[in-house]
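Chain by chain, the residues:
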Amino acid sequence: MPLLRPSAKAVSNLMRMVGSTCSCPAHSSTPGPMHVHRPGCTSSHRHASATTPKAEYAFEMATSTVRVGTGVTRELGMDLANLKAKRVMVFTDPNIAKLHPLKAAVESLERAKVGYTVFKDVRVEPSDQSFQEAIDAARKYKPDAIVAVGGGSTIDTAKAANLYTVFGEAHLLDFVNAPLGKGIPIDRPLLPLIAVPTTAGTGSECTGTAIFDLKAKNAKTGISDRALKPMLGIIDSLNTRSMPQQVRLASGLDVLCHAIESYTAIPYYLRGEAPANPLQRPAYQGSNPISDIWSSKALRMVAKALPRSVADSDDIEAQEAMTLAAAYAGIGFGNGGVHLMHGCSYGISGLNRTYLHPQYNTDHPLCPHGISVAVTSPAVAEFTGSMYPERHLEIAQVLGADITNAKHEDAGAVLGDALRNFLQGLGVPDGISAFGYSSSDIAPLVDSILPQHRVLKLSPRQTGADQIAWILERSLKNY
């Protein structure tokens, strides 16, 4: 079939459209909820030419193998024996070191006659210093395989130790996400890493991300690369039964926000340029048809199971549902990404100097990750709701809101209210003021959040200092 040639008039009209000033409200300076991209907005590509790099056109789905079953930790030793491992380094924290999960893991290694050592000094909410201590210990031991028994802090620490053992001459910031680090891609295989999660929250057993506090910059940052993901995640509900109530709450809220943010992130094809090399395609790619399935399912599971899990430590069915939801959300956000709730949380927890959340046995101030993420979720929903309103209303309905008469322009407010009701029912602290922050702290918080390019760029709306400040002000009190 011959190609149809456009008329001269059509070409002239098209040229005027391309050259005109965009009226999309997303490019105004208004920080509030109506600052949105219109579908089809192309202003960012207005000056495209034959030499302009191609926009992203593909997404990837990468995750760990997972094995799920009550008591399945007993198979850990056989897995390592099958790998011919002889020098296994087991990472855990001082609390888990005293509990069933580590005991079960060590007994399995001993039954399989696999040599090992245990590093028990993982810091809950790790820092650059605690990462470096773990890295130094691993470099000295020279393991041929690594096991992480613990929550996200332990799994992330083990990922870092694995990476910098293989890259023995690398400095910590070499692989850390830009602009705080160099963001060098990982270009060769790491050691086998098996993750045994003891919380139902981070999903770190399925992702290629490791997060830590960079103390010199008063900010959380991390390393994000598919090569970091564990080869196997062992999801054993027996390992989560020792979680105190507040740990169940915080870790569960992390699952909730992983699901919401992945589902509402900017679509992968709007993220920006396609990478020159597939190795450079980020792990956090934007929402995509596969991540959407996992995140949507996780959201529905959390809405039902988290209130039950928090209310009753003996509700084994709810706890088992949360372990699966954490993995489902991990697969979803591990490829789709997160955005403003997590971006803001890194500043909130990173600048915390006095707040220590109940039931966390640490020697330093601690605002648990899931709590710091959740407290801005209502304001973030209000901010992003005008972009993809149907998804925001869908989430609100899952959380119990009546959306029968809801309009698309009200989607952000509807979801914001649904989240406030959900969080208040769980006993979540009342906004960031509960951690000691006030309006005078907004500016330094904004400064610590702005470097989080990896996640901020996945917001469905353009986000700068004014927009982040607006979210934080709205989050001082939630109820």
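Every chain's residues receive numbers from 1 upward, in the order its sequence appears when written. Local features are withheld for residues below a pLDDT of 70 in this predicted model, meaning they are given only at 70 or higher, and side-chain atom pairs are given and counted only at 80 or more; totals for whole chains, interfaces and linings count all residues. The basis for every side-chain value is the complete set of non-hydrogen atoms in the structure, without hydrogens or water.

## A short note on the confidence of the model for the protein
pLDDT measures the predictor's confidence residue by residue and takes values from 0 up to 100. Scored by pLDDT, the protein comes out at a mean of 90, with 89% of its residues at no less than 70. Residue range residues 1-29 is modelled with pLDDT below 50. Its contacts to residues more than four positions away, or to other chains, number 28 contacts. Contacts between residues were defined by any pair of non-hydrogen atoms, one from each residue, lying within 4.5 Å.

## Things to note about the pairing of strand 3 (residues 116-119)
If DSSP finds at least two bridges between two strands, the strands pair. Secondary structure counts use DSSP, requiring at least four H or I residues in a row for a helix and at least two E residues in a row for a strand, with both numbered from the N terminus. The sheet contact formed by strand 2 (residues 88-91) and strand 3 spans four bridges and is parallel. Paired with M89 across the bridge in strand 3 is T117. A crossover counts as right-handed when, viewed with the strands pointing away from the observer, the path leading from the first strand over the helix to the second turns clockwise. Each parallel crossover has a hand, and the one from strand 2 via helix 3 (residues 100-111) to strand 3 is right-handed.

## What about the packing of aromatic side chains?
What describes a pair of aromatic rings is the distance from one ring centre to the other and the angle between the planes of the rings. Two rings from Phe, Tyr or Trp (for Trp, the six-membered ring) form a pair when their centres sit within 6.5 Å of each other. Planes less than 30 degrees apart are called stacked, planes more than 60 degrees apart edge-to-face, and all others tilted. Inspection of the entire model under this criterion finds ten aromatic pairs. Ring centres of Y355 and F435 lie 4.8 Å apart, and the angle between their planes is 55°; on these two criteria the pair is classed as tilted. Here Y355 is found in the loop between helix 9 (340-350) and helix 10 (369-374), whereas its partner F435 is found in the loop between helix 13 (411-426) and helix 14 (442-449), with 80 residues between them in sequence. As far as burial versus exposure is concerned, Y355 and F435 are alike and both buried. For the exposure calls, accessible area comes from a 1.4 Å probe over protein chains only, and a residue counts as buried if that area is under 20% of its type's maximum, exposed if over 50%, partly exposed in between.

## Describing unusual backbone geometry
P179 follows A178 through a cis peptide bond whose omega is 10°. Here P179 is to be found in the loop between helix 5 (152-166) and strand 5 (193-197). In the Ramachandran plot, K142 falls in the positive-phi region, its phi being about 60° despite a non-glycine side chain. With respect to the helices and strands, the residue K142 is situated in the loop between helix 4 (128-141) and strand 4 (145-150).

## Overview of the sheet that holds strand 1 (residues 65-68)
Spatial ordering of the open sheet is given by 1-8-5-4-2-3, a layout of six strands whose pairing is parallel. Unpaired on one side and paired on the other, strand 1 and strand 3 mark the two borders of the sheet. In this sheet, adjacent strand axes meet at a mean angle of 20° when their direction is disregarded. As judged from the two bridges shared by strand 5 and strand 8 (residues 232-235), these two strands associate in the parallel manner. From the neighbouring strand, I194 faces strand 8, where its bridge partner is L232. Lines are fitted to the C-alpha atoms to define the axes, a helix being fitted only along its stretch in contact, and any angle between axes, read from their N-to-C directions, falls within 0 to 180 degrees. Each of strand 2 and strand 3 touches helix 4; the most contacted strand, strand 2, lies at about 160° to it.

## A look at the environment of K220
Summarising the element assignment, K220 is placed in strand 7 (residues 219-224). Along the primary structure K220 and Y346 are separated by 126 residues, whereas in three dimensions their C-alpha atoms are 4.9 Å apart. If we ignore the near neighbours within four places in the chain, the residues touching K220 are E125, I211, F212, D213, Y346, S349 and Q452.

## Description of the side chain of R281
Inspection of the secondary structure puts R281 in the loop between helix 6 (245-264) and helix 7 (289-311). Apart from residues no more than four positions distant in its own chain, R281 is found in contact with E56, A58, E60, R226, R271 and P275.

## Quick word on the packing of helix 7 against helix 12 (residues 389-398)
Interhelical geometry of helix 7 versus helix 12 gives an angle of 30° and a closest axis separation of 9 Å. As summarised for this structure, helix 7 and helix 12 are arranged roughly parallel, according to the angle between their axes. From helix 7, D292, S296, L299, R300 and A303 reach across to helix 12, where they touch R391, E394, I395 and V398. Put simply, Ala, Val, Leu, Ile, Met, Phe, Trp, Tyr, Cys and Pro go in the nonpolar bin, Asp, Glu, Lys and Arg in the charged bin, and everything else, Gly too, in the polar bin. Class assignment for the residues of the contact of helix 7 with helix 12 results in four nonpolar, one polar and four charged. In what follows, roughly perpendicular refers to angles from 65 to 115 degrees, roughly parallel to angles under 35, roughly antiparallel to angles over 145, and oblique to any angle outside these ranges.

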